[in-house]
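# Summary of structural features
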Amino acid sequence: MDRPAVAVLFGGRSSEHSISSATAGGVLRAIDRERYRVIPIGITRDGAFILEEDDPDKFAMDAARMPAVIDNGTRILWPDSALSRELRVTDASGTRSLGNVDVVFPILHGRFGEDGTIQGMLELLGLPYVGAGVLMSAIGMDKHTTKSVLKAAGVPVVPWVTVTRAGLDRDRALWARRIRSLGLPVFVKPARAGSSVGVSKVSEWDELDAAFDIAFAEDGTVLVEQAIVGREVECGVLPAAIDDTQGGMPRVSVAGEIVVTGREFYDFEAKYLGADGVDLVCPADLRAGELTEMQRIAARAFEALGGEGLARVDFFFTGTEFFVNEVNTMPGFTPISMFPTCWIASGMTYPELITELVEAGLRRTV
């Protein structure tokens, strides 16, 4: 029997291109090759779909090297209708078939991938895929919309103000009053970006304009959030298992904690380049009742956004209250990223986690 073909899709046009490429390296290394046939498809920074090398080492990331999808002249030709699942590739020697694709694993972070756009394309083509659908992806990518949906569902979120450049220009005094009501310090972040790209901590109000410039370079909408004094804890969420007999509740991993000791916050360098001043602890030191409450809120947040695919739910914990910071519908997925680390600590191996996600994608109806 032929192995199901998994198209691993990565790179992309967002500022998180390199993070996506590094994540793909981890998945390419761990996916069960006896069970699946893998087709690695890279998206260049210009948006070209190319047939990539099936080489996990090519996409390793360190402080001296940021992996990227480089245009090699090939072009992926997607099916020409929903009646076909045949992938083809064209290059200088002509066009050849890659066979039918059974499921697409879009390991894309940020805009043009994690935000529902690639999911919409795959829906139009009738191709099953891994992860959240169009709506959940779009909601999860937009921090303002995520917070609005969670707040309406009774999930505790950090107080925030959302601004646009046009709004600031129209009535700066009004927005200044609203923002200052949050108190200091605050975090300024793009509404639609991840991996801490474009995020600044503002400890004095005269730092606000510079923080806006950095955030607006990533997105036309920016959030100013009240800084919560507390621990940063995270957990992974998956839908109920296919053989679930416990009422179909989402599964939530143990908690991991980001311990920041020598930096202002958990920034890009600390997340991906091994910068000093941050320790990742998993499982986090939480009492049984605290972990239960965190898992309850994480499951509620996951379901409020759509309850599909997978998510990493990030919290601030004050010692008495959990506040949801973000819900990531395609979190970092390298073997040392917090999402797989939390599931490994919960008893699942990294290859098993990938297999479960792929199998769920194969069952998807589009």
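One can find the structure itself at the top, above this paragraph.
Given the structure is predicted, the values throughout are model-derived calculations rather than measurements.

When its secondary structure is counted, the protein chain shows 11 helices and 17 strands. The C-alpha radius of gyration of the protein chain comes to 21 Å, within 12% of the 21 Å expected for a compact globule of 366 residues. Principal axes of the C-alpha set define a box for the protein chain whose edges measure 60 × 50 × 40 Å. Among the 366 residues that make up the protein chain, the fraction classed as buried is 53%. For the protein chain, the share of sequence-separated contacts (at least 6 apart) that also reach a separation of at least 24 residues comes to 65%. Counting every atom, the protein chain has about 15,800 Å² of accessible surface; 50% of that belongs to carbon and sulfur. Averaging the coordinates of the 36 positive side-chain charges in the protein chain and doing the same for the 51 negative ones gives two points 4 Å apart.

Listed in full, the buried residues belonging to helix α4 (residues 143-152) are Lys 143, Thr 146, Lys 147 and Leu 150. Down the axis of α4, the smallest arc covering the buried residues is 95°, so these residues share one side. You can read the cap of α4 off the contacts: a side-chain oxygen lies 3.1 Å from the backbone nitrogen of His 144, and it is on Asp 142. Count one or two residues on from α4 and you reach Gly 154, which has phi positive near 80°.

On the secondary structure map, Phe 187 appears in strand β9 (residues 186-190). The spacing of Phe 187 and Ile 258 is 71 residues in sequence and 17 Å in space, taken between C-alpha atoms.

Tallied over the entire structure, the rule returns 19 salt bridges. Where Asp 213 meets Arg 165, a salt bridge forms, and the shortest distance between an N and an O atom there is 3.2 Å. Highlighted residues: Asp 213 in helix α7 (residues 208-216) and Arg 165 in helix α5 (residues 165-170), separated in sequence by 48 residues. Given the relative accessible area of 46%, Asp 213 is considered partly exposed. By relative accessible area, which is 33% here, Arg 165 ends up partly exposed. Three or more residues joined by partner-sharing salt bridges are found here, namely Lys 147, Lys 189, Glu 225 and Glu 326.

Running from amino to carboxyl end, helix α3 (residues 134-141) crosses α4 at an angle of 105°, the nearest separation of the two axes being 5 Å. Taken together, α3 and α4 sit at an angle that is classed as roughly perpendicular. For the pair α3 and α4, the contacting residues are Ile 139, Gly 140 and Met 141 in the first and Lys 143, Thr 145, Thr 146 and Val 149 in the second.

Buried residues dominate strand β16 (residues 311-317), accounting for 7 of its 7 residues. Sheet analysis places strand β12 (residues 231-238) next to β16, joined by 7 bridges and oriented antiparallel. Across the sheet, residue Val 233 finds its bridge partner in β16, namely Phe 315. Sheet analysis places β16 next to strand β17 (residues 322-328), joined by 6 bridges and oriented antiparallel. Directly across from Phe 317, in β17, lies its bridge partner Phe 322. Counting the residues in the hairpin turn of β16 and β17 gives 4 residues, including Gly 319, whose phi is positive at 105°.

To continue, consider the sheet that holds strand β7 (residues 103-107). Strand order across the open sheet formed by 4 strands is β3-β2-β1-β7, with mixed pairing between neighbours. Every interior strand has two partners, whereas the edge strands, β3 (49-51) and β7, have only one. Strand after strand, the sheet turns through a mean of 30° between neighbouring axes, direction not considered. Most of the contacts of helix α1 (residues 17-30) go to strand β1 (residues 5-11), to which it runs at about 150°, and overall it touches β1, β2 (37-43) and β7.

Position of Ser 337 among the secondary structure elements: in the loop between β17 and α10 (338-345). Given the relative accessible area of 13%, Ser 337 is considered buried. Here the side chain of Ser 337 touches Thr 334 through a polar contact of 2.7 Å, side chain to side chain.

Quick notes on the rules
- Residues numbered from 1 in each chain as written.
- Predicted model: local features only at pLDDT ≥ 70, side-chain atom pairs only at ≥ 80, totals over all residues.
- Heavy atoms only, no water.
- Helix = DSSP H or I, 4+ residues; strand = E, 2+ residues; numbered from the N terminus.
- Rg over C-alpha atoms; globule rule 2.2 N^0.38 Å.
- Buried < 20%, exposed > 50% of the residue type's maximum accessible area, 1.4 Å probe, protein only.
- Contact = heavy atoms within 4.5 Å.
- Areas by Shrake-Rupley, 256 points an atom, 1.4 Å probe, with all protein chains shown as cover.
- Lys, Arg positive; Asp, Glu negative; His and termini not counted.
- Charge placed at Lys NZ, Arg CZ, Asp CG, Glu CD.
- Arc of directions from axis to C-beta.
- Polar contact = N/O pair within 3.5 Å; in protein donor to acceptor, adjacent residues only side chain to side chain.
- Salt bridge = Lys/Arg side-chain N within 4 Å of Asp/Glu carboxyl O.
- Axes fitted to C-alpha atoms, helices over the stretch in contact; angles between N-to-C directions.
- Parallel < 35°, antiparallel > 145°, perpendicular 65-115°, else oblique.
- Pairing = 2+ DSSP bridges.

These figures capture arrangement, not role.
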